[in-house]
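# Secondary and tertiary structure notes
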Amino acid sequence: MRRVYLDNNATSPLLPEVFEAMRPYFLEKFGNASSIHQQGQQARAAVENAREHLAELLNCRAAEIVFTSGGTEGDNLALFGLVSPGDHVITSAIEHHAVLNACKRLESLGCDVTYLPVDGRALIDPHDVKRALRSNTKLISIIFGNNETGVLQDVGEIGKIAAEADVYFHTDAVQAAGKVPIDVKKIACDLLTLTAHKMHGPIGAGALFVRKGTLLQPMMYGGRHERSRRAGTENLPGIVGLGKAAEIARNGFSDGSVDRMASLRNQVEKTVVETLDKVRVNSVGAPRVPNTTNIVFDCLEGEAMVIALDLKGLSVSTGAACSSGAIEPSHVLTAMGLSPDRARASIRFSLGKQNTADDIGFALQLIPEVVTRLRELSPVYKRAVSSRA
Amino acid sequence: MDTKDQTVAVAMSGGVDSSTVAAMLCARGHNVIGLTLQLWNQRRLARHDGVPEAVQGRCCSLDDVYDARYVAEKLGIPYYVVNQESRFEHDVVQPFVEEYLSGRTPIPCSLCNNHLKFDQLLITARQIGADLLATGHYARNEYDGHSGRWILKRPADLSKDQTYFLFGLTQEQLSRTLFPLGEMRKPEVREEARRTGLRLFEKPDSQEICFIPGGDYKLFLDAYLDEQGEAIPDTAGELVTTSGEVVGTHDGIHNFTVGQRKGSGIATGSPLYVLEIRGDKRQVVVGGADELLSPRLRARRLNWIAIDDLREPLRVSVKIRHRHEAAPALVEKVSDDEVLVTFDTPQRAVTPGQAAVFFDGDVVLGGGWIL
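Rules behind the numbers
- Residues numbered from 1 in each chain as written.
- Chains lettered and ligands numbered in written order.
- Predicted model: local features only at pLDDT ≥ 70, side-chain atom pairs only at ≥ 80, totals over all residues.
- Helix = DSSP H or I, 4+ residues; strand = E, 2+ residues; numbered from the N terminus.
- Rg over C-alpha atoms; globule rule 2.2 N^0.38 Å.
- Contact = placed C-beta atoms within 7 Å.
- Buried ≥ 20, exposed ≤ 12 C-beta atoms within 10 Å, placed from the backbone.
- Domains from an automatic or database assignment.
- Nonpolar A, V, L, I, M, F, W, Y, C, P; charged D, E, K, R; others polar.
- Expected span 1.5 Å × (residues − 1).
- Arc of directions from axis to C-beta.
- Pairing = 2+ DSSP bridges.
- Axes fitted to C-alpha atoms, helices over the stretch in contact; angles between N-to-C directions.
- Core = buried A, V, L, I, M, F, W, Y, C linked by C-beta atoms within 7 Å.
- Left-handed = near helix turned anticlockwise from the far one by under 90°.
- pLDDT = per-residue confidence, 0-100.

## Details of the overall build of chain B
What chain B contains, in helices and strands, is seven helices and 18 strands. For 371 residues, the compact-globule estimate of 2.2 N^0.38 gives 21 Å, and chain B sits close to it at 22 Å. For the C-alpha atoms alone, the extent of chain B along its principal axes is close to 70 × 55 × 35 Å. Residue pairs in contact within chain B that sit at least 24 positions apart in sequence constitute 64% of those at least 6 positions apart.

Below you can see the structure in the form of structure tokens.
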């Protein structure tokens, strides 16, 4: 059966070039980057080369990149590395759980956390950030591009507010990196999280940008790796893969691959809205990453739709991968005002650079067929249609 | 009915029965999809006093999902967990709690069959492209050309008979359901599982109500209401005899079930049993074993299976609880949705909240809820 994968926000396939770049570091080019001998030096060179690629992607200095195991670690390191009991943190209601649950933990340790609301398009008002500032505010942590809706926050404006108030600013850019150009100087953020596997790199490698002069307490104690900010032997093949993925991602802004993804995404939205009734694109009016669309198909259960599409060869999701099978409807969609029913009827389609026009054609043929079948068998849809008639 | 080309969804609990059903249907060449209903978070009340932390071998425990997923993977069939926790709480758990608090003895399994397994899961199964839903229930169903109706029959293995919990099935539901174990005995099912190479063939049967760890429903009521920020309402009151004599006090009507032994008579020393629970007066009526016998009962919210309606009084045999030998009786309508059942011989412990299910031999005629 043909299979098309439109769940690239959960994870994206490794690009063959990335895999090729990694391969020798599993085999003949193995080494511990801290060793004195040739294998160690070779490994060190590869790690530092990758660091350069990350620095170029983010427009920062190589020394400001800390390699991590991924997004969750980066977010946790940023928050726990800076915030102490008695401090105040400003974040939002639509953060990834890596930030939200870390904030819950900080609260239990004696920190105050403000969770800013969002508007109907899932946008945070920078004025709200300003108004939430307190004398003991230590950190502002706001998601750059949301994993469920793809909405991009005005991180530049928030960065200005943070700088004026002399408060640290962290942004979770896991879903933004590689999809929109990022310049940490323009954003004026002090910390920024990204991960390799959301941009066609390997799972298990990520990076945290830490602005020079930011005093970060490590979470793990051990050797002096990563300038004593993250102990543990460097994940050599993973870091090489991340570096290669960063290099390819940076080129993607000029070689047309990001634009192509955006136009395919727009085609999905246009066709779905034109062919089906009772559908609506969430956050349609807001700035968004070019690969993500989140669509409400009223009167059906997203879970059943994901299964039905999967059985026909299309992989999509109801939201964050970690939310699947959960009881609660998406906290992101409910925060922007969707009813629990509509949140449960929402499906996320997230494209990757591997997706072709053919893939999208396949998906667009399947979606109306499956939605129609689901609705024909949905008591809720029948009631909705008959009450309107 | 030739169902070979049809896509069948199997409701997989992770137990031996439904796992074997999935294996049998695969062997018969069906296109099989495995579905597990996630109905209750077994760890949800685990923080409460006395509620066991780890619950094993129970529906909806992570272990069971793991087992079901293992079987699906072994059989090479697509497998999904369908989350219906909120609906289960609304349609099964809350009514269960309310029934107990008002002095009745509910059967959550029937509610679950009516609202979840054969309603929502069947809808989901059809939505994802399945024509039929198969379950591991011990029951038989078939189309009866003579009456033009789908009928439900007791299984070959009467010791595993689950028809009592299935009396609420509609014609539409029965027409889309397969009970592949209906002709098999439990040891044969285990043997089939072993032969197919399913390593769980020796897994013990589940016996208790799936969302009540350890089977202690009073503990569950306490923990659940506490979680909801409520306390068990104070329904303490009097123990009375049928003649109205107060013989003691009790600490809440939810602690009692009709037929339950409750101490001994003061004068006679013979055992006393709960005869009736008067929720409105908070009274628990007690009496001797002979007083526990009822010549008749009334039932409401009826569902008919083998017949489209009860037009005239009918000789039937009636089961008034799951483990009850069906008793001969006459059933007749007293209003549109209420029947009167008169037993040939008075029956012990007719319990409001339980179902009365009417049989003609092996055939389930229908049933209703005891008032």
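## Remarks on the overall build of chain A
Per the secondary structure count, chain A includes 15 helices and 12 strands. Computed over C-alpha atoms, the radius of gyration of chain A comes to 22 Å, within 12% of the 21 Å expected from 2.2 N^0.38 for 389 residues, which places it in the range of a compact globule. Seen through its C-alpha atoms, chain A measures out along the principal axes to roughly 75 × 55 × 35 Å. Here chain A, with 389 residues, has 52% of them falling under the buried criterion.

## A short note on the domain arrangement of chain A
All names here are of chain A. Entries for chain A in the domain assignment read domain 1 (4–12 + 256–388) and domain 2 (16–252). The C-alpha centroid of domain 2 is placed 28 Å from the C-alpha centroid of domain 1. Each side of the interface is counted separately: domain 1 has 29 residues, and domain 2 has 27 residues. For the side of domain 1 that touches domain 2, the secondary-structure elements that each account for two or more residues are helix 10 (257–275), strand 10 (292–297) and helix 12 (331–335). Looking at the side of domain 1 that touches domain 2 element by element, the count peaks at four residues for helix 12. Here the residues of the side of domain 1 that touches domain 2 are counted per class, giving 11 nonpolar, 15 polar and three charged.

## Describing the interface of chain B and chain A
When the parts of a complex come together, some accessible area is lost, and that lost area is often used as the size of the interface. Residue-level contacts link 15 residues of chain B with 10 residues of chain A. Per-class residue counts for the side of chain B that touches chain A are seven nonpolar, six polar and two charged.

## Regarding helix 2 (residues 38–58) of chain A
An α-helix turns once every 3.6 residues. As a result, residues three or four positions apart point the same way. Residue and element names in this part refer to chain A. The end-to-end C-alpha distance of helix 2 is 30 Å, a good match for the 30 Å that 21 residues give at a rise of 1.5 Å each. Among the residues of helix 2, those classed as buried are A43, A46, V47, A50, R51, H53, L54, L57 and L58. One side of helix 2 carries all its buried residues, which in axial view fall inside an arc of 160 degrees. Contact partners of the buried residues in helix 2: helix 1 (16–26), strand 2 (65–68), helix 7 (184–187), strand 7 (191–195), strand 8 (206–210) and helix 9 (236–252). Where helix 2 terminates, the next one or two residues include N59, which has phi positive at roughly 60 degrees.

## Let's talk about the domain arrangement of chain B
Per the domain assignment, the segments of chain B are domain 1 (7–136 + 180–219), domain 2 (237–287) and domain 3 (294–370). Distance between the C-alpha centres of domain 2 of chain B and domain 3 of chain B: 26 Å.

## Digging into the sheet that holds strand 2 of chain A
Residues and elements named next belong to chain A. Reading across the sheet, the seven strands line up as 2-8-7-6-5-3-4 and stay open at both edges, with mixed pairing between neighbours. The open sheet is flanked by strand 2 and strand 4 (112–116), the only strands paired with a single partner. Adjacent strand axes in the sheet meet at a mean angle of 20 degrees when their direction is disregarded. Sheet topology note: the strand 2/strand 8 ladder contains four bridges and is antiparallel.

## Side note on the sheet that holds strand 3 (residues 79–83) of chain B
The strands that make up a sheet pair up through hydrogen bonds in the backbone, lying either parallel or antiparallel. Residue and element names in this part refer to chain B. Read from one edge of the open sheet, five strands run 3-2-1-4-7, paired in parallel fashion. Looking along the sheet, the strands with just one partner apiece sit at the ends: strand 3 and strand 7 (177–178). Across two bridges, strand 4 (residues 132–134) lies against strand 7 in parallel orientation. Its bridge partner being in strand 7, A134 is matched across the sheet by L178. Running over the sheet, helix 1 (residues 16–27) touches strand 1 (7–11), strand 2 (31–38) and strand 4 and is turned about 165 degrees from strand 1.

## Digging into the pairing of strand 18 (residues 363–370) of chain B
Residue and element names in this part refer to chain B. Judged by how many residues are buried, strand 18 sits mostly within the fold: seven of eight residues are covered. As paired elements, strand 6 (residues 149–153) and strand 18 share two bridges and run antiparallel to each other. Paired with K153 across the two strands is V363, which belongs to strand 18. By the bridge criterion, four bridges tie strand 13 (residues 293–304) to strand 18 in an arrangement that is antiparallel. When the sheet's bridge partners are listed, R300 is paired in strand 18 with W369. The sheet contact formed by strand 17 (residues 355–360) and strand 18 spans six bridges and is antiparallel. Counterpart to A355 in the pairing with strand 18 is W369. Between strand 17 and the antiparallel strand that follows it, strand 18, lie two residues; G361 among them carries a positive phi value of about 65 degrees.

## Structural notes on the nonpolar core
Counting 135 residues, the largest nonpolar core has M305 of chain A together with V10, A22 and L35 of chain B as the members making the most contacts within it. A per-element tally of this core places helix 1 of chain B first, with seven residues. In contact with M305 of chain A, other than residues within four places in its own chain, are F297, L300, I347, V370, V371 and L374 of chain A.

## A closer look at the environment of G366 of chain B
Residues and elements named next belong to chain B. When you line up the elements, G366 lands in strand 18. On a C-alpha basis, the gap between G366 and D205 in space is 27 Å, while along the polypeptide they are 161 residues apart. Not counting chain neighbours up to four residues away, the residues in contact with G366 comprise F167, L302, N303, W304, I305, I307 and F358.

## Examining helix 10 of chain A
Residues and elements named next belong to chain A. Between its terminal C-alpha atoms helix 10 stretches 27 Å, which fits the 27 Å expected from 19 residues at 1.5 Å a residue. For helix 10, the complete set of buried residues consists of V258, M261, L264, R265, V268 and V272. For helix 10, the buried positions fall inside an angular range of 125 degrees around the axis, keeping them on one side. Projecting away from the buried face of helix 10 at angles above 90 degrees are the exposed residues N266, K270 and E274. Looking at the buried positions of helix 10, the neighbouring elements they touch are helix 9, strand 9 (279–281), strand 10, strand 12 (346–350) and helix 14 (357–376).

## Here we look at the environment of G204 of chain A
All names here are of chain A. Relative to the helices and strands, G204 is located in the loop between strand 7 and strand 8. When the C-alpha atoms of G204 and G238 are compared, they prove to be 6.6 Å apart, with 34 residues separating the residues in sequence. In this structure, G204 is in contact with S69, G70, N235 and G238, ignoring residues within four places of it in sequence.

## Overview of the packing of helix 3 (residues 71–82) of chain A against helix 4 (residues 97–108) of chain A
Residue and element names in this part refer to chain A. Look at helix 3 against helix 4: their axes get within 9 Å of each other, and the N-to-C directions meet at 35 degrees. Here helix 3 runs over helix 4; the crossing is right-handed. Contacts between helix 3 and helix 4 involve G71, T72, D75, N76, L79 and F80 from the first element and A98, V99, A102, C103 and L106 from the second. Residue composition of the contact of helix 3 with helix 4, grouped by class: seven nonpolar, three polar and one charged.

## With respect to the environment of M261 of chain A
One can find M261 of chain A in helix 10. The residues touching M261 of chain A, leaving out its near neighbours within four places in the chain, are P290, N291, L351 and K353 of chain A.

## Let's talk about the confidence of the model for chain B
All names here are of chain B. Scored by pLDDT, chain B comes out at a mean of 90, with 94% of its residues at no less than 70. The least confident element of chain B is strand 10 (residues 261–264), whose mean pLDDT is 74; the most confident is strand 6, at 98. With pTM at 0.90, the complex prediction returns an ipTM value of 0.86.

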